[in-house]
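Architecture and fold: a report
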Amino acid sequence: MEKKNVATTLVLILSALVFTVIGSCFMNLVYADTKIVVSNPKVNVSSNVLVYDSKDENKTQIEYLKFSDSELGLKPVTGEQNSETKIPSTVTDKTGSEGLYSTIKVTAPAGLRITINNVKIESKEKKEDIEKERENLFVGIMDTEDGAKSLKEDETTLITEPLAVEDKEYTILFWLDSKAADILKGAKISFDINFVV
């Protein structure tokens, strides 16, 4: 009798695992067409400027900013905007953030300006309609006053450091404004981030 119970239990467990795997695969296929994906931004630097991953003790220059993972893609944020930074409360550098984040360190001997350009949105929708949504794409630097900037312009300045910086840490955030339209579903977003003197 015990052998029958063990066999039944094993069959139930294996069946549950099979249904879970099939369900996950099905959900990934369903979400693939509606998932908003953000490519890791290309990093461009002036000479003598060093940008590296904050955890890299060797200080190796990076070519791309590595954003946190977002398995289900981005969705418009739901958090209230911070009055000083203008960054929503739900966009953080922690797991569960409604946005993406990347923490880097920068050394620049003669001041620094961090800018965003070359913004592209690949979509099946009309180009004119998609371009209007750029005002709902936001990049910001955590813990910086007025740190949130919309990407509606061809070039956006995130921050200007008038003096030299050495191994200064920045957490770059990316999110969709709560007003972002459904037209962005399935879009692939990319941009460059520049560290210039």
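1. Focus: the overall build of the protein chain
Broken down by element type, the protein chain carries 2 helices and 10 strands. N-terminal to C-terminal, the α/β element order of the protein chain is α-β-β-β-β-β-α-β-β-β-β-β. Relative to the compact-globule value of 16 Å for 197 residues, the protein chain shows a C-alpha radius of gyration of 21 Å, a clear excess of over 25%. The principal-axis extents of the C-alpha atoms in the protein chain amount to approximately 80 × 45 × 30 Å. Restricting the contact set of the protein chain to residue pairs at least 6 apart, pairs at least 24 apart contribute 75%. For the protein chain, the exposed area adds up to about 12,200 Å²; of that, 52% sits on carbon and sulfur atoms.

2. Description of the packing of aromatic side chains
Within this structure, the stated rule accounts for 4 aromatic pairs. Ring plane angle 45 degrees and centroid distance 6.4 Å describe the contact between F67 and F174, whose orientation is recorded as tilted. One end of the pair, F67, is in the loop between β3 (50–53) and β4 (100–108); the other, F174, is in strand β9 (residues 165–176), and 107 residues separate them in sequence. By relative accessible area, which is 6% here, F67 ends up buried. The exposure class assigned to F174 is buried, which follows from its relative accessible area of 0%. Centre to centre, the rings of F138 and W175 are 5.7 Å apart; their planes meet at 15 degrees, and the pair counts as stacked. Note that F138 is positioned in strand β6 (residues 137–141) and W175 in strand β9, a separation of 37 residues in sequence. With respect to burial, F138 and W175 carry one shared label: buried. Through a chain of ring-to-ring contacts, three or more aromatic side chains come together here, namely F67, F174 and F191.

3. A short note on the side chain of S68
As for its position among the elements, S68 is in the loop between β3 and β4. Judged by its relative accessible area of 18%, S68 is buried. Excluding residues that lie within four positions of it along the chain, S68 makes contacts with G99, L100 and Y101.

4. Some points on unusual backbone geometry
Residue K59 is not a glycine yet carries a positive backbone phi of 55 degrees. Relative to the helices and strands, K59 is located in the loop between β3 and β4. The backbone of N118 sits at a positive phi, close to 55 degrees, despite the residue not being glycine. Within the element layout of this structure, N118 appears in strand β5 (residues 112–122).

The rules behind each value
- Residue positions are given per chain, counted from 1 along the sequence in the order it is written.
- With the structure being a predicted model, the display of local features is reserved for residues of pLDDT at least 70 and the display and counting of side-chain atom pairs for 80 or more, all residues being used for whole-chain, interface and lining totals.
- Only hydrogens and water are set aside; all other atoms, that is, all heavy atoms of the structure, feed into the side-chain values.
- Numbered from the N terminus, helices here are DSSP runs of H or I no shorter than four residues, and strands are runs of E no shorter than two.
- For the radius of gyration, the atom set is restricted to C-alpha positions; the globular benchmark scales as 2.2 Å times the number of residues to the power 0.38.
- By definition, residues are in contact when any of their heavy atoms lie within 4.5 Å.
- Areas reported here follow the Shrake-Rupley algorithm with a probe of radius 1.4 Å; residue values treat only the protein chains shown as occluding.
- Here the aromatic set is Phe, Tyr and Trp, taking the six-membered ring for Trp, and pairing holds for ring centres within 6.5 Å; pairs whose planes are under 30 degrees apart are stacked, those over 60 apart are edge-to-face, and all others are tilted.
- Between buried and exposed lies partly exposed: a residue is buried under 20% and exposed over 50% of the maximum accessible area for its type, with that area taken using a 1.4 Å probe on protein chains only.

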